[in-house]
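Remarks on the overall topology
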Amino acid sequence: MSQSSPLVEQTIAAFREAYGHEPEVVAFAPGRVNLIGDHTDYNDGFALPCALQFGTVVAAAPLADQRIIARAVDFGAEQDELRIDAPIAPLGQGHWQNHVRGIAAGLPLFGLPQRGASLAISGDVPQGNGLSSSASLGVALGLALAALAGERRPDRQVLARVAQWSEHQYVGCACGLLDQTASAFGEQGSALLLDCRSLAVEPAPFPADTTILIVPSGVARGLVDSAYNERRMQCRQAAAHFSVESLRDLDEARLMAGQDGCDATIFRRARHVVTENARTLLAAAAMARGDLAELGRLMRASHASLRDDFEVSVAAVDALVDALNAAIGEGGGARMTGGGFGGCVVAVVAADRLANVERALSAHWQQAGQPAQAHFRGIPSAGARLLRG
Ligand code: GAF
């Protein structure tokens, strides 16, 4: 994302039109796709996401008073206005304004500065696909507001935490830190191995000649409306049953030893997290060796576990994953990605399998009797940054 990209130009133009002058700061934060390690982040586990080429742009300039005025370019130029020298109330669930309000309320709590500001916001993360439009919005807002108040290089971990706090307190989703960390720390050409306990982030470069394909399933998802928060509670129940601080502390032997007396659903939730953590570490090692066959095997097993043990997949996603995996063969793999309940499928594909995969996708949509969903390549991209200011 550069100063001259259409999204950035459009946001700056909208800022000018709304406020009659130039923005002082322009911040960008990307969306992400997760290759493996889902529903592990809030269990202190591992994940392997990759920041993408699209995200949210926030153009900002200081105001002389303590107001924040925010204009959402993508929502018919709707505007929100709040004061940062008074308690900031959330609106009802589902309002975009809650993201702005949550970040404005959260920044001072995490030691980051802010000041009165006028903002224009626009994004190009495909909505409802589980590609973290929400985290990219939160991180971009935090960066823009902190930069405007003089902190141009805020600690990226703190930025991620503010955005997560805002999701919990203002947006209504008890998410982990996966999405915000990926958005803040993204690296060009690389996925990221996240340890959600120590918060260590390590680059995991892609093997040469691989493509990341992102294929929408046609089933839109919504984190808050879904059973996401319920899954998080079930994981806490599982940790209590196994007497561990979090499911990260459980290994397969202890899991099996503690099965007696455990509710069958709670046991399956725990089994997903334990096995997914192990798969994620193996997947990072397979990427480092350039072993696409092993990466693909792990992605398939991850999908089966999310479908059967964690029960967050849907039939349309399962069918798409099966069609992709059949066409990919040993040259990579495909799985659902993110929170689940619809959204898109991610595939890592060796260059020599791509033509086969494209053919299989056309056949899949025809057979499903559905309009073909446009798929696209994910480009592993850098994390949140200032484009101006
Ligand atoms: C959503 C959440 F926001 C993340 O924190 C993570 O739990 C993910 O679902 C599942 O891995 O994106």
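Residues numbered from 1 in each chain as written. Predicted model: local features only at pLDDT ≥ 70, side-chain atom pairs only at ≥ 80, totals over all residues.

A word on the overall build of the chain
In terms of helices and strands, the chain carries 11 helices and 13 strands. The C-alpha radius of gyration computed for the chain amounts to 21 Å, which stays within 12% of the reference 21 Å derived for 389 residues, consistent with globular compactness. Dimensions along the principal axes, computed over C-alpha positions, put the chain at roughly 60 × 50 × 40 Å. Looking at the chain as a whole, 52% of its 389 residues are labelled buried. (Helix = DSSP H or I, 4+ residues; strand = E, 2+ residues; numbered from the N terminus. Rg over C-alpha atoms; globule rule 2.2 N^0.38 Å. Buried ≥ 20, exposed ≤ 12 C-beta atoms within 10 Å, placed from the backbone.)

A word on the site of the ligand
The ligand sits among 12 residues. The nearest are Asp38, Cys175, Gly176, Leu178 and Gly339. Looking at side-chain class alone, the shell around the ligand contains 4 nonpolar, 5 polar and 3 charged residues. Counting only domains with at least three residues in the shell around the ligand, you end up with domain 1 (6–201 + 381–388) and domain 2 (207–378). (Near = placed C-beta within 6 Å. Nonpolar A, V, L, I, M, F, W, Y, C, P; charged D, E, K, R; others polar. Domains from an automatic or database assignment.)

Side note on the environment of Arg232
Along the chain, Arg232 turns up in helix α6 (residues 228–241). Taking the C-beta count within 10 Å as the criterion, Arg232 has 17 such neighbours and is therefore assigned partly exposed. Along the primary structure Arg232 and Asn43 are separated by 189 residues, whereas in three dimensions their C-alpha atoms are 8.4 Å apart. Setting aside its immediate chain neighbours within four residues, Arg232 contacts Tyr42 and Ala174. (Contact = placed C-beta atoms within 7 Å.)

So, the domain arrangement of the chain
Here the chain is partitioned into domain 1 (6–201 + 381–388) and domain 2 (207–378). On a C-alpha basis, the centres of domain 1 and domain 2 stand 26 Å from each other. Facing 30 residues of domain 1, the contacting portion of domain 2 comprises 39 residues. Elements with a minimum of two residues in the side of domain 1 that touches domain 2: β1 (25–34), β2 (46–47), β3 (49–62) and β7 (190–195). Taken together, the residues of the side of domain 1 that touches domain 2 break down into 16 nonpolar, 11 polar and 3 charged.

A short note on the UniProt feature "domain: Galactokinase N-terminal" (unreviewed entry) in the chain
Per the UniProt annotation, the sites labelled "domain: Galactokinase N-terminal" (unreviewed entry) are residues 14–62. Taken as a whole, residues 14–62 contains 12% helix and 53% strand, while its terminal C-alpha atoms sit 16 Å from one another. (UniProt positions renumbered as here; feature names shortened; annotations may be inferred.)

Comments concerning the sheet that holds strand β8 (residues 200–205)
Hydrogen bonds along the backbone pair up the strands of a sheet, which may run parallel or antiparallel. Across the sheet, which stays open at both edges, the 3 strands sit in the order β2-β7-β8 with antiparallel pairing between neighbours. Two strands bound the open sheet, and with one partner strand each, they are β2 and β8. Taken together, the 6 bridges between β7 and β8 define a ladder with antiparallel strand orientation. Each residue of the ladder has a partner; that of Leu192, found in β8, is Pro203. Here helix α5 (residues 178–185) sits on the sheet and contacts β2, β7 and β8; the angle it forms with β7, its principal contact strand, is near 135°. (Pairing = 2+ DSSP bridges. Axes fitted to C-alpha atoms, helices over the stretch in contact; angles between N-to-C directions.)

Looking at the UniProt feature "domain: GHMP kinase N-terminal" (unreviewed entry) in the chain
When the UniProt feature table is mapped onto this chain numbering, "domain: GHMP kinase N-terminal" (unreviewed entry) sits at residues 110–186. Taken as a whole, residues 110–186 contains 52% helix and 9% strand, while its terminal C-alpha atoms sit 21 Å from one another.

Notes on the nonpolar core
Counting residues in hydrophobic clusters, the biggest one holds 107 residues, and the most contacted among them are Ala27, Ala140, Ala144, Leu324 and Val345. With 11 residues, helix α3 (residues 133–148) is the single largest residue contributor to this core. When residues of this core are assigned to domains, at least three fall in each of domain 1 (6–201 + 381–388) and domain 2 (207–378). The contact partners of Ala27, leaving out residues within four places of it in the chain, are Val58, Ala140, Leu143, Ala144, Ala147, Ala384 and Leu386. One finds Tyr42, Phe242, Phe267 and Val274 within the second-largest nonpolar core, a separate group that totals 11 residues. (Core = buried A, V, L, I, M, F, W, Y, C linked by C-beta atoms within 7 Å.)

Description of the pairing of strand β6 (residues 117–123)
Every regular strand shows the same layout, with side chains that alternate between the two sheet faces. Among the 7 residues of β6, 7 are classified as buried, and the element is accordingly described as predominantly covered. What you see with β6 is no split at all: Ala117, Leu119, Ile121 and Gly123 on one side and Ser118, Ala120 and Ser122 on the other are buried throughout. In this structure, β3 lies alongside β6, joined through 7 bridges in antiparallel fashion. Across the sheet, residue Val57 finds its bridge partner in β6, namely Ser122. Direction of pairing for strand β4 (residues 67–72) relative to β6: parallel, over a ladder of 5 bridges. The partner of Ile69 across the bridge, within β6, is Ser118.

What to know about the sheet that holds strand β11 (residues 344–350)
Strands sit in the order β10-β11-β9-β12 across an open sheet of 4 strands; the sheet is antiparallel. Looking at strand neighbours, the two that pair on one side only are β10 (332–336) and β12 (376–378), the edges of this open sheet. With direction set aside, neighbouring strand axes in the sheet form an average angle of 25°. Bridge count for β10 against β11 is 5 bridges, and the pairing is antiparallel. Within β11, the position partnered with Met336 by the bridge is Val345. Helix α9 (residues 292–308) contacts β9 (210–216), β10 and β11 of the sheet and is inclined by roughly 20° relative to β10.

A short note on the pairing of β3
For β3, the buried fraction is high: 11 of the 14 residues fall into the buried class. Relative to β3, β1 is paired through 9 bridges, and the arrangement is antiparallel. Across the sheet, the residue bridging to Phe28 is Val57, located in β3.

Section: unusual backbone geometry
Positive phi values are uncommon outside glycine, yet His39 reaches one of about 60°. Assignment of secondary structure puts His39 in the loop between β1 and β2. Residue classification places His39 among the buried residues on the basis of 27 C-beta atoms within 10 Å.

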